[in-house]
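Residues per chain are reported as follows:
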Amino acid sequence: MAELELDGITKVFVEDDGNEIVAVDDVDVTVADGEFLVLVGPSGCGKSTTLRMVAGLESITSGELRLAGERINERKPADRNTAMVFQSYALYPHMTVKQNMSFGLEESTDMPDDEIAKTVTEAAEMMGIGDLLDRKPGELSGGQQQRVALGRAIVRDPEVFLMDEPLSNLDAKLRSKMRTELQRLQDDLGVTTVYVTHDQTEAMTMGDRIAILDDGELQQVGTPLECYHRPANRFVADFIGDPSMNFFDVEVQGDRLLADEFAYPVSSETLSAVDDRTELTLGIRPEDIELRTEATGAHDFETVVDVVEPTGDENNLYLTFDPDAAEPETFIATTGGMNRVEAGQPMVAHIPEDAIHLFDAATGEAVK
Ligand code: ATP
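Residues numbered from 1 in each chain as written. Predicted model: local features only at pLDDT ≥ 70, side-chain atom pairs only at ≥ 80, totals over all residues.

Asks: Before we move on, can you summarise the overall build of the protein with the specific residues and values?
Replies: Looking only at helices and strands, one finds 9 helices and 20 strands in the protein. Expressed as a percentage of its 368 residues, the buried residues of the protein come to 34%. Once local pairs closer than 6 in sequence are excluded, the contacts in the protein between residues at least 24 apart make up 64%. (Helix = DSSP H or I, 4+ residues; strand = E, 2+ residues; numbered from the N terminus. Buried ≥ 20, exposed ≤ 12 C-beta atoms within 10 Å, placed from the backbone. Contact = placed C-beta atoms within 7 Å.)

The following block contains the structure:
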């Protein structure tokens, strides 16, 4: 059982002038045997540092790292039974594909040559690069190089795959193809995997679960749908989803939430979740706003279309409550691409109560 446990993992870098940078702050997460966990967050949030600590490429300042129940903080990278795949591929340019893939086995195992050759051939076939074994990296496309890097990780038969933005150098089409391939491969091999990306779409589509980091701190760990439907805080709500969730500052007055532009009545159930808070942030996803032609209920608001942004199968509509403002504040609603909508057109936005999210304005914690 290759369960990987990060227990209070912290990394503090000390700069030359003594300044301390807390890159990873007390991170607790357990990656189950065979699970695909995606570590996601904006640039500089500590994803790579976390992965490098698991790989043994960076020391751990405090906390315990366990593989299959055993502490491995002090174990050398080569003895951790992990295989890392880098964004840059990190292939040896002077070696052929075959040599790149067999090198690690020759150096760190006593596997006989014929078995190494067989293992490499099998992994190359699995990655669809069986006919490229005698080429050098410079003679391969980016996608082929990435397959070699993955093949090299597979031949080591590791207990854990560690992947640091492995697809980000590929063009959009190839990236989405490789996403599916990687998932299938991980599923077939059943190897515990930690996959780092800053791309929320990659996280949502690939992870069994995702762990969202911001500023070194873990914000939420959950399935993609849990993080989408029940974000733990405003940061997660904003980070997951494209286009992002709309946010409005609101004040609680009686049974209504008052924003600059509208008053939103809420049920007693919502009020009891709000408790005695007075300042909140109301969030609504663009895809949860229903567009209507007539306002008939308390959750229907008259707006005007400011900008229409077609994305193909959908339109992103930038709506405003105040079209006469010099620079109107807008929020986004998505609608089917077949609907004809024009800038300047009046539009009623229905914001259903069961779709709104509420966050404590001060802490950002989800209230509802
Ligand atoms: P990116 O997506 O841009 O690669 P990341 O989420 O992987 O970012 P890290 O590379 O882990 O982020 O960096 C986390 C923080 O630690 C950043 O503030 C970074 O500047 C800092 N950091 C990383 N390595 C070092 C180092 N060797 N010395 C000092 N600070 C470092």
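Alright, that's what it looks like, and here's the rest.
Asks: I'd like to hear about the pairing of strand β14 (residues 279–284), residue by residue, with values.
Replies: Counting buried positions over the 6 residues of β14 gives 5, a clear majority of the element. Examined bridge by bridge, strand β11 (residues 246–253) and β14 share 6 bridges and lie antiparallel to one another. Across the sheet, the residue bridging to Glu-251 is Glu-279, located in β14. With 4 bridges connecting them, β14 and strand β20 (residues 357–360) associate as antiparallel partners. Each residue of the ladder has a partner; that of Leu-280, found in β20, is Asp-360. (Pairing = 2+ DSSP bridges.)

Asks: Tell me about the site of the ligand, and name the residues and values.
Replies: The ligand sits among Phe-13, Ile-21, Ala-23, Gly-41, Ser-43, Gly-44, Cys-45, Gly-46, Lys-47, Ser-48, Thr-49 and His-198. Split by residue class, the shell around the ligand holds 4 nonpolar, 7 polar and 1 charged. (Near = placed C-beta within 6 Å. Nonpolar A, V, L, I, M, F, W, Y, C, P; charged D, E, K, R; others polar.)

Asks: Go over the packing of helix α3 (residues 113–126) against helix α4 (residues 142–155) with me, naming the residues and quoting the values.
Replies: In the contact formed by α3 and α4, the axes pass within 9 Å of each other and the chain directions differ by 135°. One element, α3, and the other, α4, form an angle in the oblique class. The chirality of how α3 crosses α4 is right-handed. Contacts from Thr-119, Val-120, Ala-123, Ala-124 and Met-126 of α3 reach α4 at Gly-151, Ile-154 and Val-155. Residue composition of the contact of α3 with α4, by class: 6 nonpolar, 2 polar and no charged. (Axes fitted to C-alpha atoms, helices over the stretch in contact; angles between N-to-C directions. Parallel < 35°, antiparallel > 145°, perpendicular 65-115°, else oblique. Left-handed = near helix turned anticlockwise from the far one by under 90°.)

Asks: Give a detailed account of helix α1 (residues 47–55), specifying residues and quantitative values.
Replies: Across the 9 residues that make up α1, a large majority, 8, are buried. At the exit of α1 stands Gly-56, carrying a positive phi of roughly 90°.

Asks: Tell me what's going on with the pairing of strand β2 (residues 20–31), and back it up with residues and numbers.
Replies: Two faces, one strand: in a regular strand the side chains alternate between the faces of the sheet. Bridge analysis of strand β1 (residues 4–14) against β2 gives 8 bridges, and the strand direction is antiparallel. Its bridge partner lying in β2, Glu-5 is registered against Thr-30. As consecutive antiparallel partners, β1 and β2 are separated by 5 residues, and within that stretch Gly-18 has a phi angle of approximately 90°, a positive value.

Asks: I'd like a rundown of the domain arrangement of the protein, residues and numbers included.
Replies: By domain assignment, the protein separates into domain 1 (4–239) and domain 2 (246–360). Taking only C-alpha atoms, the centre of domain 1 and the centre of domain 2 are 39 Å apart. The partner domain 2 presents 4 residues to the 4 residues of domain 1 that form the contact. For the side of domain 1 that touches domain 2, the class distribution of residues is 2 nonpolar, 1 polar and 1 charged. (Domains from an automatic or database assignment.)

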